[in-house]
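# Structure assessment
Here is how the chains run, residue by residue.
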Amino acid sequence: MSLLIGLSLLGCAREPRRSATVEAARPSEPPPPTATSRPFAQLRPLAPAGDLELLAPVEHLVRVALVLAGRRPSEDEIAAVRRDPAALGSIVDRYLDAPEFGAVVRDMWHEILLLRVEGRFVLPRLGPLAGAGSDADWVREVSEEPLRLIEHVVRRDRPFSEIVTADYTIASDLGLKAWGGTTLPPGEDPPPEGWHKVAWDSEQPMAGILSSGALWLRHPSNGTNLHRGQAHVIADALLCSGFLDRDVPLFNDIDLSDETAVKNALVDDPGCVSCHQTLDPLASHLFGFVRVAPGQVRRSYASDGACVKEERGLCYPLREYKPQLAKQWRGKTGRPPGYFGLPSEDLRSLARQIADDPRFSMCVARRFYGYFMQVGWNEVPDATAVSLQDALIDAGLRVKPLVKAIVMSDDFRAARARVGSPAEGIAGRKTTRPEQLARLVADLTGFEWKAHPGKGAKAAERFGEVDLMGTDQFGYRAMAGGVEGFQITEPSFAYSPTRTLVLQTLATEAAAFAVEQEFARGRGERRLFTEVDDGEAAEPAARAQLARLHERVLAAPAAERGPEVDASYALYQAAGDGRRGWILVLAALLQDPRVAFH
């Protein structure tokens, strides 16, 4: 086992050599790719063609399948690209239309809006919510509400500006109980089962995610912040123009403990005015939102579950917006709602101004490119960013054509860039994110890494079943490079010791699960072990099975008498037991650099 770990983990430190791909059949193959492909823009390349070493067409397909669908490409997809590399376009179209792409969109926007936070922003289930789901259900069904609207807009091929201009949102049954809302007709493109198109009942103007109680629950404003932090969230997430990144001249002549002195400085001091003349008017749109915290909700209920402070609006359904407070800016900052020097009125007018702002389309384009290329939005070269913005605008602000243009580009296809090239540090090998890794392992083995933390019925009721690759309180998301959302707000693409341990443990657990489950079924029902039966030890059959495992797990062909299968067969023999040998080999393959990277 130590040899296995040492060999597999050492490989993670270097660029793997890639080769063409063949995949083993699996129980439910997707339909073959269609012959037609939707048009997409040709992006301005990062660097001259001679600076980039490109993946072969099938290798490009493998990368695209992982990032858009969370799996290896099917046998039909590989065969189609081998026959005609142009077939990749129609395959990408199908990936973009599939539900799995919606999950990718939610993952991406969690990294921006930081909504999947456990514990701190999970409200107690009391009164009508007593027994209504676990903490995990709350994060998945309440905290994710803004992400579900973003997913809905993208998957239905709507203009992306609808994430702020929509007069509806997408809420779950639990979300409706928590916030209170009116269910709207689903229309021609209904949300997934268990989710509804709704308008909130707390009288806030409906303006997409700007009206979301879940968003402002995660990003609250305390009494003295006066919604400025929330204004920064809007400017940073949607315009890539946050206030915290601005250069501010240092000053030490203001008594920050004196509220009057601070208030005067925000109007008179040039260093303060440089930000606050635009920050405060943006914040003035949000005074109607009240802070909601777990302790406040808990104190609103008696021990018998009855609401004792209904007038405060902190019993379910919550009143997260109070119209009578919307004009409190008059006595707080004195600055009326405005948008970077332009007059504004309420959330709806703010949403229209954001949608019409060229910074919005530029920011969206930069963020999608940055996510797939694994660089910060501010690291995208300006020339590339302009090309991306043009592609997004030409597509009517629809995201699918933009994403297709990104993944079909040479920038994305590049295996590496020449040293000193403008593409160096942007194009090249990508690290498999924890969400991608979990989906890939589940697709390959059927294993989903979950657990029930704690002991007893109370723990089971509170925490429920926890996804260990998608959470942090009990899971390993941040250890695997993911975004926890409160203390860890940016992904990591380096392979640290903890990330290596997570991959090792996941691979071992998944391999043991897969071997046990596979050999309990007939060959025709298996995902992986289609060439041998339990206890079968003949070398020809074992080598045929090992070759198929390489093809399936690594999306790379391996000859039965080739060096890859020779090494795997030696590992299999060293185990001295059929099932243990298969677990060892499969665990090694799942730790291969071609799984850790793509």
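Up top you'll find the structure we're talking about.
In this convention, every chain numbers its residues from 1, walking through the sequence in written order. Residues qualify for local features only when their pLDDT is at least 70, as the model is predicted, and side-chain atom pairs are given and counted only at 80 or more; totals for whole chains, interfaces and linings, by contrast, use all residues. As a rule here, side-chain values cover all heavy atoms of the structure and leave hydrogens and water aside.

## Things to note about the overall build of the chain
A tally of regular secondary structure across the chain gives 27 helices and nine strands. Taking 25 Å as the expected radius of gyration for a compact globule of 598 residues, we find that the chain reaches 26 Å, a close match to that expectation. Burial status follows relative accessibility: with a 1.4 Å probe on protein chains alone, a residue under 20% of its type maximum counts as buried, one over 50% as exposed, and anything between as partly exposed. In the chain, buried positions account for 56% of the 598 residues. Any two residues having at least one pair of non-hydrogen atoms within 4.5 Å are treated as being in contact. Taking as baseline every contact in the chain between residues at least 6 positions apart, the subset at least 24 positions apart corresponds to 70%. All accessibility values rest on the Shrake-Rupley procedure with a 1.4 Å probe; residue burial counts only the protein chains present in the view. Taken as a whole, the chain presents about 25200 Å² of accessible surface, with 52% of it coming from carbon and sulfur. Residues counted as positive are Lys and Arg, residues counted as negative are Asp and Glu, and His and the chain ends are not counted. Think of each charge as sitting on NZ of Lys, CZ of Arg, CG of Asp or CD of Glu. Charge separation in the chain, taken as the distance between the mean sites of 70 positive and 80 negative side-chain charges, equals 1 Å. We count a stretch as a helix when DSSP gives it H or I for four or more residues in a row; a strand needs E for two or more, and each element gets its number in order from the N terminus. Using C-alpha atoms as the atom set, the radius of gyration is obtained and then compared with a globule rule of 2.2 Å times the number of residues to the power 0.38.

## Observations concerning the packing of helix α25 (residues 563-575) against helix α26 (residues 578-590)
Only the stretch in contact is used when fitting a helix axis, every axis being a line fitted to C-alpha atoms; angles between N-to-C directions are given from 0 to 180 degrees. Contact geometry of α25 with α26 gives a least axis separation of 7 Å together with a crossing angle of 140°. In terms of axis orientation, α25 runs oblique to α26. α25 and α26 meet at a crossing whose hand is right-handed. Contacts between α25 and α26 involve Ser-568, Leu-571, Tyr-572 and Ala-575 from the first element and Gly-578, Arg-580, Gly-581, Trp-582, Leu-584, Val-585 and Ala-588 from the second. Charged residues are taken to be Asp, Glu, Lys and Arg, nonpolar residues to be Ala, Val, Leu, Ile, Met, Phe, Trp, Tyr, Cys and Pro, and polar residues to be all remaining types, Gly included. Tallied by class, residues from the contact of α25 with α26 come to seven nonpolar, three polar and one charged. By the definition adopted for this analysis, an angle is roughly parallel if under 35 degrees, roughly antiparallel if over 145, roughly perpendicular if from 65 to 115, and oblique otherwise. Here a crossing is taken to be left-handed if its near helix is turned anticlockwise relative to the far helix by less than a right angle, and right-handed if that turn runs clockwise.

## Quick notes on helix α13 (residues 270-283)
Residue count minus one, scaled by 1.5 Å, sets the expected span of a helix. Across its 14 residues, α13 extends 19 Å between first and last C-alpha, which sits within 8% of the 20 Å expected from 1.5 Å per residue. Bend at a residue means the angle formed by two fitted axes: the first through the 7 residues ending at that position, the second through the 7 residues beginning there. The largest bend in α13 is about 45°, located at His-276.

## Examining the packing of aromatic side chains
The criterion for an aromatic pair is that two Phe, Tyr or Trp rings (for Trp, the six-membered ring) have centres within 6.5 Å, with stacked assigned to planes under 30 degrees apart, edge-to-face to planes over 60 apart and tilted to the rest. As enumerated under the stated definition, the model contains 19 aromatic pairs in all. Three or more aromatic residues joined by ring pairs make a cluster, and in this case those are Phe-519, Phe-529, Tyr-569, Tyr-572 and Trp-582. Two conditions define a charge sitting above a ring: the NZ of Lys or the CZ of Arg must be within 6 Å of the ring centre, and it must be within 35 degrees of the ring normal. The cationic tip of Arg-429 hangs over the ring face of Phe-597; the distance from NZ or CZ to the ring centre is 4.1 Å. Positioned above the aromatic ring of Tyr-371 is the side chain of Arg-433, whose terminal nitrogen or guanidinium carbon lies 3.8 Å from the ring centre.

## Regarding the sheet that holds strand β4 (residues 195-200)
Strand order in this open sheet of three strands is β2-β4-β3, and the pairing throughout is antiparallel. Among the strands making up the open sheet, the edge pair consists of β2 (169-172) and β3 (181-183). Strand-to-strand, the axes of this sheet are offset by a mean angle of 55°, without reference to chain direction. Here β2 runs beside β4; their pairing, made up of four bridges, is antiparallel. Residue Ser-172 lies in a different strand from β4, and its bridge partner there is Trp-195. Strands in contact with helix α7 (residues 145-155) are β2 and β4; relative to β2, the strand with the most contacts, it is inclined by about 130°. When DSSP finds at least two bridges between two strands, those strands are taken to pair.

## Regarding the state of the cysteines
For this text, the term disulfide refers to a pair of cysteine sulfurs within 2.5 Å. Going through the model one piece at a time under the given rule, you end up with two disulfides. Here Cys-240 engages in a disulfide with Cys-363; their sulfurs sit 2.0 Å apart. In this structure the cystine formed by Cys-240 and Cys-363 twists about its S-S bond by roughly 75°; its chirality is therefore right-handed. In this pair, Cys-240 sits in the loop between α11 (228-239) and α12 (259-268) while Cys-363 sits in helix α17 (residues 358-373), placing the two residues 123 residues apart along the sequence. Grouping residues by exposure puts Cys-240 and Cys-363 together as buried. Note on cysteine connectivity: Cys-307 is disulfide-linked to Cys-315, with sulfurs 2.0 Å apart. As the torsion about the S-S bond is roughly 90°, the Cys-307-Cys-315 disulfide counts as right-handed. If you count the bonded cysteines of the chain from the N-terminus, they pair up as 1-4, 2-3.

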